[in-house]
Amino acid sequence: MELTTIQFERADGVATITLDRPAQGNAISAELVADLKTVCEYIEDEVDEKVVVIRGAGGQFCSGIDLTDFPVDDKPNVYGFGKWESACRTIERLPKVTVAAVDGECAGGGFQLALTCDVRVATERAVFHLHEVREGFLPGMGTFRLSKFIGLGRARRLALTGRRLRAEEAQRIGLVDHLCPDSGLDIAVAEAIEEFGEINPVAIELCRRLFDESFEMPYEEFIGSFLAAQHRAIQTEPFLRRVRKAHGVA
Amino acid sequence: MVSVMDTELKPRLISVGTANPTTTYTQADLLELFQCENKLIRRFFTNSHINKRHLVLPEPDEEGAMPFEDGAALIDKHLKTSLSIGTESMGKCLANSAITAEEIAYICAVTTTGFLAPGLSAYFTRDGGLRDNVHRVDVVGMGCNAGMNGLLQTSQYAANNPGNPAMMVSSEICSAAYVFDMTVRTGVVNSLFGDGSAAIVLLASEELTAKDGPQIMGFESLIVPQALEEMRFDFVDGLFSFYLGRDIPYMIGDNIEKPINALLGRFGLKRRDIKHWLIHSGGKKVIDAIKYNLGITEHDVRHTRTILRDFGNLSSGAFLFSLQELTREGTAEEGDWGVTIAMGPGISIETGLIRW
């Protein structure tokens, strides 16, 4: 697996993806999107670690889409946005616990990347903002995701104004789950992972999926989805082990 | 036996045509016609996620009730309706291709909703204008998965006989297998199935491209014999009465990964490589079970849901109705991989891999 714009490490039960373009604010280039997709597929197929942490190099998370990817002398197209969204969706569907470890700037597509994760841990100096509308384009599928976290009114205001949100305020409105001192990100990430206890990948994947889908369908349809997903979950070894334990059977 | 996979020239599915009886019923229409007051049975109808179905039902009597149809009447209905919509789907299928009826070298007729001798393939040969030396086979009694079993046979003929078009016609007159005894057992069945026919033509030829249709790449089957009794016909008071076990969706969910993993594994593919999923519209619960066990999306099952909503469960031809929807949508591109899945008595899960 050859990666040029991200680093990938595995240690102590955690797989870590580090966006590694510090000189460009870890901006999302076509190459970075391809690398992210490659590493996510590798994680899905080959990696036993149950936790994936996404972070940025050089004291910043991600400054958003790299505008130098667009040509000066040709008509811009949307294909790159499609590929970026596909990478985001892959992260969102990983059968792992996903943690965004946010330090410094978390803007535009980077903000969206953080939203694809199960948990967001941020340093006090982290800043979240959607700058796209101010710059004449759209905050990607952040338009789809953000209001599910903080409500339509807040999400729309943040996207339309591009207001910079400090980590403390982001925590107050439910965007950040764990706030930590600037030097304490690694400890805070470890604590956030610790909260999950035993990680059951099938249950994690299905539960996350049901929450996402709960916005898309009425109760009468959703109950069928829940039962189908629950049936799958209760066939897995972790659940069956609990049942045996409840019965006092080894 | 040479399997489709082993031949260098894979046949392409070059055309599909479908037909249904002209009479349609909403679930509310049917509850009124059946004069059903049982709350549980009514719930099967109202929670089915089916808007309407095409069915051939007798005119109500003076009191608005549906007259009894005996076994002979049902067999007669099966034959007459099959000939009507079967030949219509054949005609549409041929009209969508450059193949004439006389060029068809092989026909496979598929049905589970009526037993006939001679089989439907003989009638389709006569009424569909096929030549008198056409090779014929009838796949009878295999249920909703039978379209896939027929596709395997038809594909093998086409693969081994390049240049010779092979046709498969599914004709399911589910209204010829209805029993109205106001039991929960028949209520489940009567709330679900619809009448329809789907015809396809397969051809192996060097001259065909992805634009002509997907290639048939391979198949994988699974039978779960311990669930043999879960979907079956019983002969009750002179009529075939279909039984659907309560746990079928979950059993299919439990087993669906096995054939899919084997099929994709043979080609070095992952599920994320599959762009198009053509799944039998068996009912809402079974679609949900497949969706959550394979980890596929609502977008992946959109055609499956549409066919269920607009036609009910069409048994063996349902996945071909989904294929027709996909063809109309026009989103399949050269190089795309697709998977077909049909589930039925056995219980069996039949899967196939196609590529544009």
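None of the values given here were measured: they were computed from a predicted structure.

Student: Can you walk me through the interface of chain A and chain B in this structure?
Tutor: By convention, interface size is frequently given as the accessible area that disappears when the constituent parts associate. On the chain B side, the residues contacting the eight residues of chain A number 10 residues. Here the residues of the side of chain A that touches chain B are counted per class, giving three nonpolar, four polar and one charged.

Student: Where do I start with the sheet that holds strand β3 (residues 51-56) of chain A in this structure?
Tutor: Sheets are built from strands that pair by backbone hydrogen bonding, the pairs being arranged parallel or antiparallel. Residue and element names in this part refer to chain A. Pairing within the open sheet is mixed, and its six strands lie in the order β1-β2-β3-β4-β6-β9. At either margin of the open sheet sits one strand with a lone partner, and together these are β1 (6-11) and β9 (178-180). Taken over all neighbouring pairs, the strand axes of this sheet differ in orientation by 20° on average, direction set aside. Pairing of β1 with strand β2 (residues 14-19) involves six bridges; the strand directions are antiparallel. Bridge pairing in β2 links Ala-11 to Val-14. Packed on one face of the sheet, helix α1 (residues 30-46) meets β1, β2 and β3 and runs near 20° to β1.

Student: Explanation requested: the confidence of the model for chain B in the structure shown.
Tutor: For any part of a model where pLDDT is low, the fine detail of the predicted coordinates should not be relied upon. With 99% of its residues at a pLDDT of 70 or more, chain B has an overall mean of 94. Reported confidences for the modelled complex are a pTM of 0.91 and an ipTM of 0.85.

Student: Just to check I follow, could you spell out the environment of A:Gln7 for this structure?
Tutor: All names here are of chain A. Note that Gln-7 resides in strand β1. Each C-alpha atom of the pair Gln-7 and Asp-20 lies 6.4 Å from the other, and the pair is 13 residues apart in sequence. Setting aside residues up to four positions removed in sequence, Gln-7 forms contacts with Thr-18 and Asp-20.

Student: Would you take a moment to explain the domain arrangement of chain A for this structure?
Tutor: Residue and element names in this part refer to chain A. You can read the domains of chain A as domain 1 (6-194) and domain 2 (201-246). Domain 1 and domain 2 are separated by 27 Å when their C-alpha centres are compared. Across the contact, six residues belong to domain 1 and six residues belong to domain 2. A breakdown of the residues in the side of domain 1 that touches domain 2 according to their chemical character gives two nonpolar, no polar and four charged.

Student: What exactly am I supposed to notice about helix α9 (residues 284-294) of chain B here?
Tutor: An α-helical segment advances 3.6 residues per turn. Residues three or four places apart therefore align on the same side. Residues and elements named next belong to chain B. Of all 11 residues in α9, 11 are buried; the element is thus mostly enclosed. Within α9, burial applies to Lys-284, Lys-285, Val-286, Ile-287, Asp-288, Ala-289, Ile-290, Lys-291, Tyr-292, Asn-293 and Leu-294. Where α9 ends, the next residue or the one after it, Gly-295, has phi of about 70°, a positive value.

Student: When you look at the domain arrangement of chain B in this model, what are you seeing that I'm missing?
Tutor: Residues and elements named next belong to chain B. Segmenting chain B into domains produces domain 1 (4-208) and domain 2 (211-355). On a C-alpha basis, the centres of domain 1 and domain 2 stand 17 Å from each other. Taken together, the contacts link 51 residues of domain 1 with 45 residues of domain 2. Residue assignment for the side of domain 1 that touches domain 2 shows that the elements contributing at least two residues are β1 (12-19), β3 (52-54), α5 (146-160), β6 (166-172), α6 (184-190) and β7 (196-203). With seven residues, the top contributor of residues to the side of domain 1 that touches domain 2 is α5. Grouping the amino acids of the side of domain 1 that touches domain 2 by side-chain chemistry returns 25 nonpolar, 19 polar and seven charged.

Student: How should α5(B) be read in this particular structure?
Tutor: Relative to the 21 Å expected for 15 residues at 1.5 Å per residue, α5(B) spans 21 Å between its end C-alpha atoms, a close match to the ideal helical length. With respect to burial, α5(B) is a largely interior element, 13 of its 15 residues being buried.

Student: Even after reading the chapter, I still don't get the pairing of strand β9 (residues 231-236) of chain B, so can you show me in this structure?
Tutor: The side chains of a regular strand alternate, residue by residue, between the two faces of the sheet. Residue and element names in this part refer to chain B. Where β9 and strand β10 (residues 239-244) come together, six bridges link them in antiparallel fashion. Paired with Met-231 across the two strands is Leu-244, which belongs to β10. Connecting β9 to the antiparallel partner β10 that follows it, the hairpin turn spans two residues, and Asp-237 within it adopts a positive phi of roughly 50°.

About the thresholds
- Residues numbered from 1 in each chain as written.
- Chains lettered and ligands numbered in written order.
- Predicted model: local features only at pLDDT ≥ 70, side-chain atom pairs only at ≥ 80, totals over all residues.
- Contact = placed C-beta atoms within 7 Å.
- Nonpolar A, V, L, I, M, F, W, Y, C, P; charged D, E, K, R; others polar.
- Pairing = 2+ DSSP bridges.
- Helix = DSSP H or I, 4+ residues; strand = E, 2+ residues; numbered from the N terminus.
- Axes fitted to C-alpha atoms, helices over the stretch in contact; angles between N-to-C directions.
- pLDDT = per-residue confidence, 0-100.
- Domains from an automatic or database assignment.
- Buried ≥ 20, exposed ≤ 12 C-beta atoms within 10 Å, placed from the backbone.
- Expected span 1.5 Å × (residues − 1).

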